[in-house]
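Given next are the chains, with one letter for each unit.
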Amino acid sequence: MGTTASAYLTGFGRYLPGDPVDNDGIVARLGGEDKVTARIRQRVLDANGIRQRHYALDEQGEPTELNEELAVKALRAALDDRGIRADELRMLACATTIGDVLVPGFASMVHGRLGGGPMQLLSASGVCASSLACPRRGGQQSQAR
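Residues numbered from 1 in each chain as written. Predicted model: local features only at pLDDT ≥ 70, side-chain atom pairs only at ≥ 80, totals over all residues. Heavy atoms only, no water.

**Observations concerning the packing of helix H3 (residues 67-82) against helix H4 (residues 106-114)**
Where H3 contacts H4, the two axes come as close as 9 Å, and the packing angle between them is 60°. In this structure, H3 meets H4 at a crossing whose hand is right-handed. Taken together, the residues of H4 that come into contact with H3 (itself represented by Asn-67, Glu-68, Glu-69, Ala-71, Val-72, Leu-75, Arg-76 and Leu-79) are Phe-106, Met-109, Val-110, Arg-113 and Leu-114. Its residues assigned to classes, the contact of H3 with H4 shows eight nonpolar, one polar and four charged. (Axes fitted to C-alpha atoms, helices over the stretch in contact; angles between N-to-C directions. Helix = DSSP H or I, 4+ residues; strand = E, 2+ residues; numbered from the N terminus. Left-handed = near helix turned anticlockwise from the far one by under 90°. Contact = heavy atoms within 4.5 Å. Nonpolar A, V, L, I, M, F, W, Y, C, P; charged D, E, K, R; others polar.)

**Let's talk about helix H2 (residues 35-48)**
Here H2 spans 20 Å end to end across 14 residues, near enough to the 20 Å set by a 1.5 Å rise per residue. Two residues or fewer past H2, Gly-49 is found with a positive phi of approximately 75°. (Expected span 1.5 Å × (residues − 1).)

**Some remarks on unusual backbone geometry**
Residue Val-103 is joined to Pro-104 through a cis peptide bond whose omega torsion reads 0°. Relative to the elements of secondary structure, Pro-104 occurs in the loop between strand E3 (91-96) and H4.

**Details of the nonpolar core**
In terms of nonpolar packing, the biggest core is built from twelve residues, these being Val-72, Leu-75, Leu-79, Ala-86, Leu-89, Leu-92, Cys-94, Phe-106, Ala-107, Val-110, Leu-114 and Met-119. At four residues, the largest contribution of residues to this core is made by H4. (Core = buried A, V, L, I, M, F, W, Y, C linked by side-chain atoms within 4.5 Å. Buried < 20%, exposed > 50% of the residue type's maximum accessible area, 1.4 Å probe, protein only.)

Here it is in C-alpha cells:
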C-alpha cells in the first residue's frame, strides 16, 4: 500500500466583492427576462437555495476587479488569520473556473500580485469542478469540494 498524508486547514479567509445582489437584482444586472430563461433561472435557484450573490461587475456589466485580485484578497485574509507572511509560503495551489488570461497559469498570476518569495505553484481549473483534484485510494481521482 502507498503512504497516506494528512492535510489540515489552519487559516481561513474570504473576500466578497461589492454589495450582495438578490435574485431580482441578478436579472437587472445580467439580463434574461424572457419566459424560458426565467423558468430555468427559477429551477436553478430552487435547487441551489442561493438567495444572493456578490459580483465583481458594476451595473453596466464591466469588471470592477480581476479574478486574480479576488483570489489575492481572500488569500491575504487567510494568511492574516494564520499569522503567516507571503514570503513564508512554500507552495501556492489555486483553482478557478477560468483565469483572467490563459497564460501564465492562474497560480502564477496570483503569486505575481501577492508577492512573496520563490514557491511551488499549481493551477487547476474546470468549470463547476474548479476545486483542486486530489488522489483517493486505488489511485482514482476525486474532486475536493
